[in-house]
Every structure is written in C-alpha cells, then in structure tokens.
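A look at the structure
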Amino acid sequence: MNRVLAWATARRAAGRAGWRGTDALLRGAFGGLGLVGAGVALHRVDLVVIGLPLLVSTVLALSVPPGRPVRVTAQKLPRSVEAGDSARVAITVDHGGGVEFTAVRLPLPGRPGVGPVHLLPGADRELRTHLRWNTWGEGVDLRPDHLAGGRDGLLVSGPVVGVESRRTVLPPLAPPPAGPLPARLTGVVGAHRSPRPGDGAEPRAVRPFRPGDRVRRIDWRVSLRAGAATGEALGSPHVRERHAEADADLVFALDSRADVGPDLGSWSTAEPGGPVRRGGSLDTAVRAIAALAAAHLRQGDRVGLVDLGRPQLGVPPGVGRRQLLRLRHQLVACTRSAGWSPRPVLRPGQVPAGAAVVVLSPFLDDAVVDAAIRAAGHTRLLLAVDVLPAELVADPETPWGGAVRRVLLAEHRVRLAALRAHGVAVVPPEGVAAALARHRRGRR
Amino acid sequence: MTDVGAGISARWLPVAVALAGAGVVADLWWQGAAVGLLVVAGALAAAAALVPASPAPLLLLLVAAAVTTALGDDPLRPAVLVLVPLGHAVHLGAALGALLPRGARLHPAALGPPLRRAAAVQAGVFAAVGVLALLPAGRTPPVLEVAALLSVAGVAVLVLVLDRSR
C-alpha cells in the first residue's frame, strides 16, 4: 500500500510539474481496459488477448512517474565567429528521472540553421553537437527547443522553446593583391609616397642647400662634384631630398539596396535561410570589401565604409585591427535589412577630402550612377565596381524571360558607359587593386 | 558525453505504423471481412500513420478487434494471435510518432527501452495465451466472471483516481 501511495504522490507531483497525458495514454488505458472488459463481459477471450498488451504496457509505463520537468542548457559560445570556423557545443539535459525520451532541436552536422528535432534517449544527459559556420551573416544557430517523454511517450512535458543563441559570422578575408593608393597631401606618416618632400625612403630630388635644410641631408659626394665643376671647394653644398610617406584614405561605398543573383526569376523572392544570397551581388561586394579592407589596413591605410542605402550605418575611416573588426561587423549590419532604401545617398561629408572611393553596386538603377558621378566630382579617385553576376539566366517560367534579360543587360551597359564617359573607371571586384595601381602610375 | 549525429529520418515511424496497419487490414481480409470494412480499416490505418496523435489508431484497433470477434469462434486462432503484436506495434509507433514534428531525426538508441519492454509484454501475453490454450473451454462459473469484471472495473477506477493529477 505504501508503494501505491508513493506512486500516487509522485504522479501528482509530475502533474503539477507540467507532465500531461497524451493520446497514447488514453488509447492504452481506455482501449486496453475496454477490450479486456468487453472480452470478460461478452465471454470473448480473443478480445481480452487483443486488449491485454495495451493494458499491460500502459500499466508498466505509468508505474514509473516522471520527476521534475526537463531543463536544457547549451554551452555559451562567442558572439562573433569567423566564416569557416567550427565548434563543439555541450548541451546539458537536466531532469528528475523517469524520462525515456528527450526530443531536442539541434543542428545537423554540416547544415546551417537550428536544425531538426532529434529523438534521443532520456538517459543521455550530456549531449554534444557540432556547429560549423560556412556562410557569413547574422542569425540563430542554436535553439534547443525540447520536449520530454515518459515511458512509451504516454506522458510528456513540453514542448518548450529553447533560448536562442545568436551569432555574427564575419565575412571572410580573402587575400587579394593590395595595390598602391594615391597619397594624401595632408598626411605625413604611412606607407604611401607623398608628392611632398619629407622623411620617407624614396629619393625625390637633389638641389642646392637652402636655409632650413638639415645638415645631415647634405650629399657630400654631389656637393664635391658640384664644387669641382665650379672650381670652388664646398662652394655650393647640395642636399638629397626624399619624399614624405603618407597614409591613404580609402572609403568603400556599399550599395545594399539590391541583392541579386544570376537567376532573374529569383530576384523578386527572398533568399531562404538568410538575408543575403550566396554568390549574389551583395555577397560578392561584402567579400570584396572585407578582403580589400584587410589588405589596405595591413599596410597602414585608413579605411572607411559608407552604406548607400542607410547612411547612418557608415564607419568613418580608421586604422588598425580594431577598425577591420568594426568594418566586418558593420558589413553584416548593413546586410541585415538590405533592400529597403529607395535612393542611394553619397554626400561629400561622408568622404574625407582626398580619399579614394570605391563604389560597389550591381548598377541596376540610374540613381546610383548619378550618385557615383556626383561623388566623382569631389573625390580624388572614384572606382565603380560592378558586382552584377557575369552570367544572368532568364526566367524560364515566363515567355518574356529572354526579353527581360536583354533589356536589363542593355540598360546595365548604358549605365556603365555613362560612368566611363564621366571619367569613372568601371572594374570587376577582382580588378580594384590593379585599377588603383594604374591610377598611381598615371599620377607619376 | 554523447555526440549527436544525424540519426535517421523519423519518417520511418509513420512507415512502421503504416506497415503494422497494413498487416491489420491484411489480417481482416484473411479472415474474410467485407470490402467496406476493409476500406474503413485501411482509411484508419492511413490516418494512424499520417496523424498519429488522433483517435485513428484506437479506432483501428477497436474495429479490428470487433471484426475479428465477429468473424470467428476460436479465440486463439492464428488471425487473433497475429493481431496481438500488430495492434501493439500500431499503438507504440503512433505514440512515438506523435512526439515528433515533421523533419525530425530519430536516433535508434532511443527506441531500445520501449522495444525491449514491448517484447517483454508480448512474451507475457503469449505466455498467458499458452496457459489459456491449456484451460478447459467450458463455461466459467458466474462467481468467477463477476469477480473478473469487478477486478477490471477496480483497475479502471484505480487508474482514473491515480491519474487525476493530470
């Protein structure tokens, strides 16, 4: 009797803790009892035999009442990770016994997202799953929704929505060749040659000594030769002048208003699984900016970011590794709600004087061309980087697909021609460094 | 620490329920049930596989038991004995399938304890069937019948009272 009372007490506690019966409990209890009872009443042993397994298994299942409700906690992970990183996450399933199943939502190895629900043995209290972040962006990668089941799933607790674990996967840093940039006149330090005389390494000119020149700058060999030529020893000392070294400002202008892939039929639909299309124009632009920014920051340049769609998301030029981290985070923030701005904004105040500007856009409307041409008038150098996918595929579901593709490409060609006509160089993403190098050679 | 792998697709649970349900329907057909009853049983078996958290599995078992009782006199004939594990499989498969949403993954280790218990229950039931086969088939004394009915009613009341906390 004491055991029955203990069972009843535990069963009542389980009910208070949120455990409830399922259809299977009703089926087992009433179906089993009904068949056995009907068999006894009607003198039909076959009914008893058919109903007996349901009744016995239900009684056996209910004989172990579950304890307190299940709590699932996941190990803390960093808020931001690199694309391509992976980690093993420990998940603790805490319960008071009597749990035969736990159904936990966990990511599948090698697949993005929070994953499907896994039906696991209730005895497994320490789980470990593998997370791999292949695609940059922001999102939820772990949300351990869970449900616990008693024996035969006759009693359940849950489902409970798990705590979301959000993470920012930073855009990858591909190693592009870093090209030289036009020197900034106001700078006196950095890795680029300035047209001004200074204390750099590159020789600039040899000229006669003037008041104010440092004595250590005198080139004695040249001075002696000059004296020998004029006949007076040390008559006209000459100094060897060097170029100053200057840092350069590079501002990337990201057109986050459009994100298009090669398939024209998918342009009007959102990308499933994330805000950015893999291999689309925004993905290409962000990867190019991250790679170029890393290369230029490494050589001491100042790099900034302008979001043409939302000017408030821009990053003023800065230097160093923290600036690179800031830029990569901001690139993810820019793409979070991409495509919601009707007109691009590129004001003179967003670009420091003397900076080089690189506009990355698929150039699908005239407004961005106008903005780029206007900005080219007040910047030292403006490059237009066309990130429209090279091969556009017509929508096969409409007879107008081919015509739409031809019109789009023709308009795109006209826009690029207009940019070139106004002196703006149009280059592909992989040609930015070479274009900057050409510009520098032209300046020499 | 258990590494959670990919497991197998949980679609195998509805498939198992459907197979067991198809076995029940085949058993009824074997016994010579009418086409209409077979259609009803088939529809219930399909519903039990597709919507396990519904009355369909219970109705399938009740229909199968009723038809089996009506179609034969020998209570321990093979058609009845086949229905014992099939009915249990429908019940257990539907119970587990009702726990999982679409696209879920199933880890076979989770099925170990319920399958072992189901095997034990089946072994016990067939042991009881063996004992029944040895007993005389004559009429049971009325006192014993009343006692059996009271016992069943007592079990029902006990389950209801103890399960009130739900």
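Note that the coordinates shown come from a computational prediction; the quantities given were computed from them, not determined experimentally.

So, how was this worked out
Residues numbered from 1 in each chain as written. Chains lettered and ligands numbered in written order. Predicted model: local features only at pLDDT ≥ 70, side-chain atom pairs only at ≥ 80, totals over all residues. Heavy atoms only, no water. Pairing = 2+ DSSP bridges. Helix = DSSP H or I, 4+ residues; strand = E, 2+ residues; numbered from the N terminus. Axes fitted to C-alpha atoms, helices over the stretch in contact; angles between N-to-C directions. Contact = heavy atoms within 4.5 Å. Buried area = accessible area lost by both parts, 1.4 Å probe. Salt bridge = Lys/Arg side-chain N within 4 Å of Asp/Glu carboxyl O. Polar contact = N/O pair within 3.5 Å; in protein donor to acceptor, adjacent residues only side chain to side chain. Nonpolar A, V, L, I, M, F, W, Y, C, P; charged D, E, K, R; others polar. UniProt positions renumbered as here; feature names shortened; annotations may be inferred. Buried < 20%, exposed > 50% of the residue type's maximum accessible area, 1.4 Å probe, protein only. Parallel < 35°, antiparallel > 145°, perpendicular 65-115°, else oblique. Left-handed = near helix turned anticlockwise from the far one by under 90°. Patch = residues over 30% accessible without salt bridge, like charges linked within 9 Å, V, L, I, M, F, W, Y side chains within 5 Å. Areas by Shrake-Rupley, 256 points an atom, 1.4 Å probe, with all protein chains shown as cover. pLDDT = per-residue confidence, 0-100. Expected span 1.5 Å × (residues − 1). Right-handed = clockwise from strand over helix to strand, strands pointing away.

Residues and elements named next belong to chain A. Strands sit in the order E3-E11-E8 across an open sheet of three strands; the sheet is mixed. Of all strands in the sheet, those bounded by a partner on one side alone are strand E3 (80-82) and strand E8 (137-142). Strand-to-strand twist of the sheet, defined as the mean angle between neighbouring strand axes without regard to direction, takes the value 40 degrees. Against the sheet, helix H6 (residues 321-336) touches E3, E8 and strand E11 (165-170), its axis set at about 115 degrees to E11.

On the chain A side, the residues contacting the 61 residues of chain B number 61 residues. Summed over both sides, the interface between chain B and chain A buries roughly 5200 Å², with carbon and sulfur atoms accounting for 72% of that surface. When the buried surface of chain B facing chain A is broken down by residue, Val4(B), Leu99(B) and Arg117(B) rank first, second and third, together holding 13% of it. Where chain B packs against chain A, one counts five salt bridges. At the junction of chain B with chain A, the criterion picks out 13 residue pairs in polar contact (both at pLDDT 80 or more). Elements with a contribution of two residues or more to the side of chain B that touches chain A: strand E1 (2-3), helix H3 (56-71), helix H4 (78-97), strand E3 (105-106), helix H5 (112-134) and helix H6 (142-162) of chain B. The biggest single contributor to the side of chain B that touches chain A is H4(B), with 10 residues. Residue classes in the side of chain B that touches chain A are distributed as 39 nonpolar, 13 polar and nine charged.

The positions UniProt marks with the feature "transmembrane region" (unreviewed entry) are residues 12-30, 37-67, 79-99, 119-137 and 143-162 of chain B. For residues 143-162 of chain B, the helix share is 100%, the strand share is 0%, and the end-to-end C-alpha distance is 28 Å.

This part takes up the environment of Ala421(A). Examined against the element boundaries, Ala421(A) turns out to sit in helix H8 (residues 401-421). With 48 residues separating them along the chain, Ala421(A) and Ile373(A) place their C-alpha atoms 9.7 Å apart.

Moving on: the side chain of Thr68(B). Locating Thr68(B) in the fold gives a position in helix H3. Thr68(B) sits in the buried class, given a relative accessible area of 0%. Among all residues touching Thr68(B), those that are not within four sequence positions of it are Asp46(A), Leu28(B), Gln31(B), Arg77(B), Val80(B) and Leu83(B).

It is worth spelling out the pairing of strand E10 (residues 155-160) of chain A at this point. All names here are of chain A. Where strand E1 (residues 20-21) meets E10, two bridges bridge the pair, whose relative direction is antiparallel. The residue of E10 that forms the bridge with Arg20 is Val156. Relative to E10, strand E9 (residues 146-149) runs antiparallel, the two sharing three bridges. Among the inter-strand pairings, Ala148 is bridged to a residue of E10, identified as Ser157.

Moving on: the packing of helix H1 (residues 12-31) of chain B against H3(B). Residue and element names in this part refer to chain B. One way to put it is that H1 packs onto H3 with a least axis distance of 10 Å and a crossing angle of 20 degrees. In this view, H1 runs roughly parallel relative to H3, as classed from their interaxial angle. In this structure, the crossing between H1 and H3 has a hand that is left-handed. Facing Gly21, Val24, Leu28 and Gln31 of H1, the residues of H3 in contact are Leu60, Ala64, Val67, Thr68 and Leu71. In terms of residue class, the contact of H1 with H3 is made up of six nonpolar, three polar and no charged.

So, about a nonpolar patch on the surface. Residues and elements named next belong to chain B. Taken together, Ile8, Trp12, Val15 and Leu19 make up a surface patch of nonpolar side chains, about 410 Å² in accessible area. Element by element, the count of residues in the nonpolar patch is highest for H1, at three residues. With respect to the helices, strands and loops of the structure, Val15 is situated in helix H1. Val15 sits in the partly exposed class, given a relative accessible area of 35%.

All names here are of chain A. For the coordinates displayed, the defined rule picks out 22 salt bridges over all chains. A salt bridge links Glu164 to Arg166; the shortest N-O distance between them is 3.7 Å. Arg207 is the partner of Glu241 in a salt bridge, and the nearest nitrogen-oxygen pair spans 2.8 Å. With Glu241 in strand E13 (residues 238-246) and Arg207 in strand E12 (residues 192-208), this residue pair connects regions lying 34 residues apart in the sequence. A relative accessible area of 10% places Glu241 in the buried class. Judged by relative accessible area, which is 14%, Arg207 ranks as buried.

Residues at a pLDDT of 70 or more form 87% of chain A, whose mean pLDDT is 82. The low-confidence segment residues 182-189 of chain A, where pLDDT is below 50, has 28 contacts with residues more than four positions distant or belonging to other chains.

Okay, H1(B) next. All names here are of chain B. For H1, which comprises 20 residues, the first-to-last C-alpha distance of 28 Å matches the rise-based estimate of 28 Å (1.5 Å per residue) to within 8%. When we look at burial in H1, the residues that qualify are Leu13, Val17, Ala20, Gly21, Gly23, Val24, Val25, Asp27, Leu28 and Gln31. Following H1 by one or two positions, Gly32 has its phi on the positive side, about 90 degrees.

Below, the discussion takes up the sheet that holds strand E4 (residues 86-94) of chain A. Strand order in the open sheet made by the four strands is E2(A)-E4(A)-E7(A)-E1(B), with mixed pairing throughout. The two strands at the open ends of the sheet, each matched to only one other strand, are strand E2 (71-74) of chain A together with E1 of chain B. In terms of strand pairing, strand E7 (residues 126-132) of chain A meets E1(B) through two bridges, oriented parallel. Note on E1(B): the bridge partner recorded for Arg128(A) is Asp3(B).

Residue and element names in this part refer to chain A. With respect to the helices and strands, Asp307 occurs in strand E15 (residues 302-307). A relative accessible area of 0% means that Asp307 is categorised as buried. Of note is the side chain of Asp307, whose polar atom sits 2.9 Å from the backbone nitrogen of Gly309. For Asp307, the residues in contact, after removing those within four places along its chain, are Leu254, Ser256, Leu313, Gly314, Cys334 and Val345.

As a further point, take the pairing of strand E17 (residues 356-361) of chain A. Residue and element names in this part refer to chain A. The buried fraction of E17 amounts to six of the six residues, a majority that puts the element mostly inside the structure. Where burial is concerned, the two faces of E17 agree: the one with Ala356, Val358 and Leu360 and the one with Val357, Val359 and Ser361 are both buried. Both strand E14 (residues 249-254) and E17 contribute to a ladder of five bridges, which runs parallel. Each residue of the ladder has a partner; that of Leu250, found in E17, is Ala356. Pairing geometry for E17 and strand E18 (residues 381-386), over six bridges, is parallel. Its bridge partner being in E18, Leu360 is matched across the sheet by Val385. Handedness of the crossover is the feature at issue here: the chain leaves E17, passes through helix H7 (residues 366-376), returns alongside E18, and the resulting connection is right-handed.

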